[in-house]
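# Residue-level structural notes
Here's the letter readout for the chains.
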Amino acid sequence: MAFAFDHPVLHCIPPPLEQIEFVTVRLPFITPFGISAHVWTCKEALLLRVTSGGFTVWSECVADPDPYYLSETTTTAAHIIRDFLLPVIKDGMTMAEILAEFRKVKGNAMAKATVENALLVLRAEADGVPLHALLGQKPARIMSGISIGIKETVDDLLAAVQEAVDKKYHRVKMKIKRGKDVAWVRAVRERFPDIQLMVDANCDFTLDDRPMLRELDAFGLTMIEQPLSYADIYQHSLVQKELKTPICLDESILSLDDAATALALGSCRIINIKEGRVGGLIESMRIAALCQQQGVPVWSGGMDETGIGRAVNIHLQTVPGFTLPGDTSETSRYFKEDIADPPVVLDREGFISIPPGPGLGIHIDPDRLNRYLVSRKTIR
Ligand SMILES: [Mg+2]
């Protein structure tokens, strides 16, 4: 039987869309961000700017310009948004009706999330409520987490972890890849025996690497994220059976159906919910509800977003089930300056506050937007 999920947000009607623009920005990273497959030196983001009834809202597509994390890119997302998603939205439709139309478009979760975010933020703005209230949630202090990319040397890695520990991040994630695995984890664990530490392989290993993955059991990791292929769920279940450490799936989970499959097979004991990767906030809430029913914790993964996407992730983490620290870091960990205010900062205990005000609670600085602007195009 399919997992039943009903929520008032499904019955809300987004305000009619008036002007719609694609805005592309490119923000240089303070330090290049490397995962097993690629190194990024900047965040190039596709933004949707939508106006309706005197309100202007911004939505960020989490896709990169390249397909090195998953298959969608900013170019494919723009095509799907413009040619297949926006045309099916008619004034007066409920979110449930809109999402039913979106389901006819296969895949393209990041494109769908971009439009869904804009619609929900617009509804929240028009109602004068914060996004998390539209999702039926109360304000909360949000836990922080940092994701440290692949470094050139172990010393560079130890320095980055030290910086995160000094900042009071609640958990540290280190990226690993073939050849930068057990020895690098051991070095961090020996220096920092008590921190909440996890690793993320971004799909770099195969079933043949099981002996190495078993060695990671010695380091008291909170989880091992996505060790095997993005296209696999079953083989992860074989690895999970051999490990004490929970596996967390990221790239493999693109929908509620994927999450249900992974839980049924025992492929993971934790799920990373990236709202963009699963097609939006409502699908994220459905996955969180399923996981909660089965006692599986979830957390909010990051895509190195600008302040727009970062704010969405902050609001999402008020949803029940998000019991582990996510990838939500301070803005200054990525960018010299961001296009959105206020920047995300950690308090003295490492927590993040939800930006106050209706919608996302942020506003875009026009000067900074212009400084990092790549292109701007009105599509309606
Ligand atoms: Mg990941």
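The text that follows walks through the structure, step by step, so that each part is easy to find. Keep in mind the model is a prediction, meaning the values are calculated, not measured.

This part covers the environment of Val 105. Position of Val 105 relative to the elements: it lies in the loop between α2 (95–103) and α3 (109–127). Of the residues examined, Val 105 reaches a relative accessible area of 15% and is grouped as buried. On a C-alpha basis, the gap between Val 105 and Val 278 in space is 14 Å, while along the polypeptide they are 173 residues apart. Setting aside residues up to four positions removed in sequence, Val 105 forms contacts with Ile 80, Phe 84, Leu 85 and Lys 112.

Coordination of the magnesium ion by the protein involves Asp 200 (OD), Glu 225 (OE) and Asp 250 (OD), with metal-donor separations of 2.2 to 2.3 Å. Here the donor residues of the magnesium ion share one chain and are spaced in sequence as D-x24-E-x24-D. Taken together, the positions of Glu 225 in strand β7 (residues 224–225) and Asp 250 in the loop between β8 (247–249) and α9 (256–265) put the pair 25 residues apart, joining distant regions of the chain. Taking the relative accessible area as the measure of exposure, Glu 225 reaches 0% and is therefore buried.

Turning our eyes to something else, we now look at the sheet that holds strand β10 (residues 298–300). The pairing of strands in a sheet comes from backbone hydrogen bonds and takes either a parallel or an antiparallel form. Within the open sheet, the seven strands sit side by side as β4-β5-β6-β7-β8-β9-β10. Their pairing is parallel. Pairing within the sheet leaves two strands with one partner each, and these edge strands are β4 (145–148) and β10. Taken together, the four bridges between strand β5 (residues 171–175) and strand β6 (residues 197–200) define a ladder with parallel strand orientation. Each bridged residue has a counterpart across the sheet, and for Lys 175 the counterpart in β6 is Asp 200.

To continue, consider the packing of helix α5 (residues 154–167) against helix α6 (residues 182–191). In the contact formed by α5 and α6, the axes pass within 10 Å of each other and the chain directions differ by 40°. Relative to α6, the element α5 is oriented oblique. Of the two elements, α5 crosses α6, and the hand of that crossing is right-handed. For the pair α5 and α6, the contacting residues are Val 154, Leu 157, Leu 158 and Val 161 in the first and Trp 184, Ala 187, Val 188 and Arg 191 in the second. Residue composition of the contact of α5 with α6, grouped by class: seven nonpolar, no polar and one charged.

Turning our eyes to something else, we now look at the packing of aromatic side chains. Counted under the stated rule, the structure contains four aromatic pairs. Geometrically, the ring pair formed by Phe 29 and Tyr 334 is tilted, given 5.8 Å between the ring centres and 50° between the ring planes. With Phe 29 in strand β1 (residues 20–34) and Tyr 334 in the loop between α11 (307–316) and β11 (340–341), this pair connects stretches of sequence that are 305 residues apart. For the pair Phe 29 and Tyr 334, one class covers both residues: buried. Chaining the aromatic ring pairs together yields one cluster made of Phe 29, Phe 33, Tyr 334 and Phe 335. Across from the ring centre of Trp 299, 4.9 Å away, lies the NZ or CZ of Arg 171, which sits over that ring. Note that Arg 333 overlies the ring of Tyr 334, its terminal NZ or CZ placed 4.7 Å from the centroid.

Here we come to unusual backbone geometry. In the segment running from Asp 341 into Pro 342, the intervening peptide bond is cis, with an omega of -5°. Along the chain, the position of Pro 342 falls in the loop between β11 and β12 (363–364). One non-glycine residue, Lys 168, lies in the positive phi region at around 75°. Structurally, Lys 168 can be placed in the loop between α5 and β5.

What follows deals with the packing of helix α1 (residues 74–85) against α3. Across the interface, α1 lies against α3 with an axial gap of 8 Å and an inter-helix angle of 60°. The angle between α1 and α3 falls in the class oblique. By crossing handedness, the relation of α1 to α3 is classed as right-handed. Residue-level contacts link Ala 77, Ile 80, Ile 81 and Leu 85 of α1 to Ala 111, Lys 112, Thr 114 and Val 115 of α3. For the contact of α1 with α3, the class distribution of residues is six nonpolar, one polar and one charged.

The rules behind the values
- Within each chain, residues carry numbers counting from 1 in the order of the written sequence.
- In view of the model being predicted, local features appear only for residues whose pLDDT reaches at least 70, and side-chain atom pairs are presented and counted only at 80 or more, with totals across whole chains, interfaces and linings using the full set of residues.
- Water and hydrogen atoms were dropped before computing side-chain values, which therefore reflect all heavy atoms in the structure.
- Here a strand is any run of E in DSSP of at least two residues, a helix any run of H or I of at least four, and the numbering for each starts at the N terminus.
- Three labels apply to residues, based on accessible area from a 1.4 Å probe with only protein chains included: buried if under 20% of the type maximum, exposed if over 50%, partly exposed otherwise in between.
- Note on contacts: a residue pair qualifies if any of its non-hydrogen atoms lie within 4.5 Å across the two residues.
- Water is not part of the atom set, so a site may look incomplete; the donors themselves are N, O and S atoms within 2.8 Å of the metal, or 3.2 Å for Na, K and Ca.
- Each pair of strands is called paired provided DSSP finds at least two bridges between the two strands.
- Lines fitted to C-alpha atoms define the axes here, with helix axes fitted over just the stretch in contact, and angles between the N-to-C directions of these axes take values from 0 to 180 degrees.
- Orientation is classified from the angle alone, with under 35 degrees giving roughly parallel, over 145 giving roughly antiparallel, 65 to 115 giving roughly perpendicular, and any other angle giving oblique.
- If you view the pair so one helix is near and one far, a crossing is left-handed when the near helix is turned anticlockwise from the far one by less than a right angle, and right-handed when it is turned clockwise.
- Polarity classes work like this: nonpolar for Ala, Val, Leu, Ile, Met, Phe, Trp, Tyr, Cys and Pro, charged for Asp, Glu, Lys and Arg, and polar for all others, with Gly in that last group.
- The pairing test for Phe, Tyr and Trp rings, Trp by its six-membered ring, is centres within 6.5 Å, and the orientation test on the planes gives stacked under 30 degrees, edge-to-face over 60, and tilted for anything in between.
- Consider the ring centre and the ring normal. A charge sits over the ring if Lys NZ or Arg CZ is within 6 Å of that centre and within 35 degrees of that normal.

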